[in-house]
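A closer look at the structure
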Amino acid sequence: MKILDRYILTTYLKTFISVFVILMLIFVLQTIWLYIKELAGKDLDIVVVGKFLFYFSPKLIPLVLPLTILLASIMVFGNFAENYEFAAMKSTGISLQRSMAGLSIFIVLLAITTFFFANNVIPWGEYNSYNLRKNIQQLKPAMVIAEGQFNQIGDEYNLKVAKKSGDRGQFLDQVIIHKKTGKRTPGNHTTIVSKTGELVGDEDSNILKFILHDGYFYDDSPPSDPKDRSKYPMTRSYFEKYTINIDLSELNNKDLDEKNITDKYNMLNISDLNYSIDSLRTSLDNDYNDFASSLYNRSNLPVLNTGIKAKKDTTYTGDVLDLFTHKKKTQLIDMSINSIKSSKQIIEIKDKYFQERNIWLNKHIIALHEKLALGFACIILFFVGAPLGALIRKGGIGLPMVIAILLFLTYHFIGIFAKNSAKDGSLNPVIASWFSTVIMLPLGYYLTKRATADRGLFEFDHVFEPLKKLFSTKNKKTDSDIDIVQTSDASLKFTSFYKNYKVISNIAVIFYFIATITLILFFVFKNNKLPDFAEMSIQLSLISWIVYIAYFFQERTTISKIFELVKSRLYINGVLSNILALLFYPVVHYVRRNKFKEVLPKSIK
């Protein structure tokens with residue numbers, strides 16, 4: 001390894017590790033606040049809390065690692081550019097790609113490591129954290145009676161208190177208790193209401209004792225025979241003191257290390273996901289076939305002609321219903337209507353069932369491809385952050401942090417919206433998993449290309465100058481037009497036209513992709529019930545389409561001059577060709593560029 005590569009890699013690793021640790025701490029603290037209700041008041045020791053955070057930490061890597069790579073790349077390369085270290089490298093003939101070569105190898109190795117981490121460690125962490133969290137939720141409910149909401153206590157009681165007081169929260173005000181009445185008459189038919197109450201006993205005890213004062217006992221349990229309802233109406237009784245004992249031994253003896261949930265898609269690696277996806281698809285296809293057979297059998301088509309002897313020598317061309325009496329007609333119509341209604345209800349119920357099955361299948365597909373996309377996202381975000389830092393020429397925490405957060409939020413929310421759309425089948429789940437990564441790929445290519453050419457982040461002259469030429473009158477000619485007219489040399493004219501064509505065509509391609517992407521985002525936002533974002537996307541798409549069409553016709557005018565100059569018939573200016581070029585412009589643009597390289601240099605001689 002050369003000294004320069006070692007220096008860049010060492011600088012990057014220092015920043016990378018620092019940023020990773022800081023972001024990890026921030027997300028861990030956010031996790032604590034997110035699950036504070038499940039951890040607080042459970043009398044958990046520090047080992048259990050630490051174990052919960054340790055199991056939960058691998059799930060944060062898909063968020064922390066891409067943001068770390070993006071931010072560290074912007075900070076390091078921005079610092080190099082700010083301190084003129086890139087200028088010193090370029091003066092010795094070292095390009096941006098050469099300076100990024102060592103780091104690129106490191107990022108690729110990191111991406112491969114990330115894939116194995118996502119395939120093995122994250123499912124392990126998901127498996128352990130989910131089961132531990134489930135067990136913690138059921139631990140010592142006597143200590144987590146929250147004010148102003150119903151709390152599940154044991155298997156029979158739901159408790160709500162308006163206020164708790166006392167040094168241990170043992171005094172209760174405005175107590176409402178719903179009691180389940182059993183399997184015979186399921187429901188909360190028994191209600192106990194009291195003005196005050198007291199929680200008596202040791203907090204470590206398995207017996208939870210409620211002593212209620214000054215209240216009413218309501219019992220609205222239905223009788224076994226509905227006809228006896230008038231004989232047994234709702235009963236109400238008043239009490240001055242009422243004691244309830246609840247056995248919590250089963251809940252308080254909960255084993256925190258028990259693990260009985262193993263089939264969630266986030267807990268599976270790629271081989272398990274492939275097996276589950278194949279099983280789910282097979283099961284879903286079988287359900288579709290069974291449902292189709294069931295509907296076919298309900299139609300009575302298989303037995304429609306049973307017991308009927310057809311007479312070949314007669315033909316009836318009238319209405320079939322005329323063969324029956326009015327009474328039979330009414331019966332047949334009623335049977336048909338009832339059959340259609342019944343079949344419609346069955347189809348609606350099955351439709352919801354199949355939607356849930358498809359959502360579950362799509363979640364497995366998304367989980368599989370997310371493991372593959374994470375490594376590629378690390379590579380692409382590096383090629384976004386490194387040239388961006390070289391272009392903005394600013395290191396440190398301030399501006400790089402703002403830019404990195406904005407880019408990462410864009411990347412993250414696009415991924416969330418795409419995956420939400422894919423769950424119900426609005427978007428292909430494979431495309432949804434890669435969507436945000438693919439969106440960042442053109443940006444990385446664009447930034448790397450501009451940083452390599454040592455050009456600014458934005459050059460608005462390339463945008464406004466062609467617009468000025470487009471909307472200017474024919475009598476007003478620019479200096480470049482006058483030069484072209486006055487120049488008699490065909491090669492100079494071609495060079496001028498060709499440069500103008502390259503600028504216009506590049507802008508047309510950019511606005512074509514912007515218009516297409518924002519149009520796709522419109523449907524994504526609309527499916528996710530985000531009308532504001534959907535409206536903004538469609539407006540941006542319409543503006544981009546208008547600008548693209550304007551540049552498209554400007555490009556057609558310019559290229560017609562070029563082919564007229566070189567006397568070539570490669571250019572066809574027809575209505576159908578214009579429509580096809582307008583719809584598939586990137587393909588036409590790519591093919592035409594290659595034709596320019598092959599044909600035009602020979603024709604210009």
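Refer to the structure printed above.
Heads up: these notes are all about the structure in this document. (Residues numbered from 1 in each chain as written. Predicted model: local features only at pLDDT ≥ 70, side-chain atom pairs only at ≥ 80, totals over all residues. Heavy atoms only, no water.)

Here's the deal with the nonpolar core
With 56 residues, the main nonpolar core has Tyr12, Ile69, Phe77, Phe86 and Phe382 as its most contacted residues. Residue contributions to this core peak at 14 residues, all from helix H4 (residues 61-82). By size, the runner-up hydrophobic cluster in this structure holds 14 residues, among which are Ile153, Leu159, Ile177 and Phe239. (Core = buried A, V, L, I, M, F, W, Y, C linked by side-chain atoms within 4.5 Å. Buried < 20%, exposed > 50% of the residue type's maximum accessible area, 1.4 Å probe, protein only. Helix = DSSP H or I, 4+ residues; strand = E, 2+ residues; numbered from the N terminus.)

Overview of the pairing of strand E2 (residues 157-165)
In the sheet, strand E1 (residues 151-153) pairs with E2 via three bridges, with the strands oriented antiparallel. Bridging from a neighbouring strand, Asn151 pairs with Leu159 of E2. Pairing analysis gives eight bridges linking E2 to strand E3 (residues 171-179), with the strands arranged antiparallel. Counted as the bridge partner of Asn158 is His178 from E3. (Pairing = 2+ DSSP bridges.)

Details of the side chain of Ser276
Looking at the element boundaries, Ser276 is found in helix H8 (residues 270-298). Judged by its relative accessible area of 18%, Ser276 falls in the buried class.

Topic: the pattern of salt bridges
Evaluated as defined, the whole model comprises four salt bridges. Two residues, Lys59 and Glu126, come together in a salt bridge whose shortest N-O distance is 3.3 Å. Here the residue Lys59 occupies a position in the loop between helix H3 (46-56) and H4, and Glu126 occupies one in helix H6 (residues 96-137), the gap between them amounting to 67 residues. Given a relative accessible area of 8%, Glu126 falls into the buried group. For Lys195, the salt bridge is made with Asp214, and the minimal N-O distance between the two is 3.5 Å. With Lys195 in strand E4 (residues 190-200) and Asp214 in strand E5 (residues 207-219), this residue pair connects regions lying 19 residues apart in the sequence. (Salt bridge = Lys/Arg side-chain N within 4 Å of Asp/Glu carboxyl O.)

Points about the packing of H4 against helix H10 (residues 398-423)
Where H4 contacts H10, the two axes come as close as 9 Å, and the packing angle between them is 145 degrees. Both H4 and H10 take part in a crossing whose hand is right-handed. Two secondary-structure elements touch here, H4 through Leu63, Pro66, Leu67, Leu70, Leu71, Ile74 and Met75 and H10 through Pro400, Met401, Ile403, Ala404, Leu407, Phe408 and His412. For the contact of H4 with H10, the residue count by class is 13 nonpolar, one polar and no charged. (Axes fitted to C-alpha atoms, helices over the stretch in contact; angles between N-to-C directions. Left-handed = near helix turned anticlockwise from the far one by under 90°. Contact = heavy atoms within 4.5 Å. Nonpolar A, V, L, I, M, F, W, Y, C, P; charged D, E, K, R; others polar.)

Here we look at the packing of helix H1 (residues 3-34) against H4
Running from amino to carboxyl end, H1 crosses H4 at an angle of 140 degrees, the nearest separation of the two axes being 8 Å. Between H1 and H4, the interaxial angle falls into the category oblique. As H1 packs across H4, the resulting crossing turns out to be right-handed. A breakdown of the residues in the contact of H1 with H4 according to their chemical character gives 20 nonpolar, four polar and no charged. (Parallel < 35°, antiparallel > 145°, perpendicular 65-115°, else oblique.)

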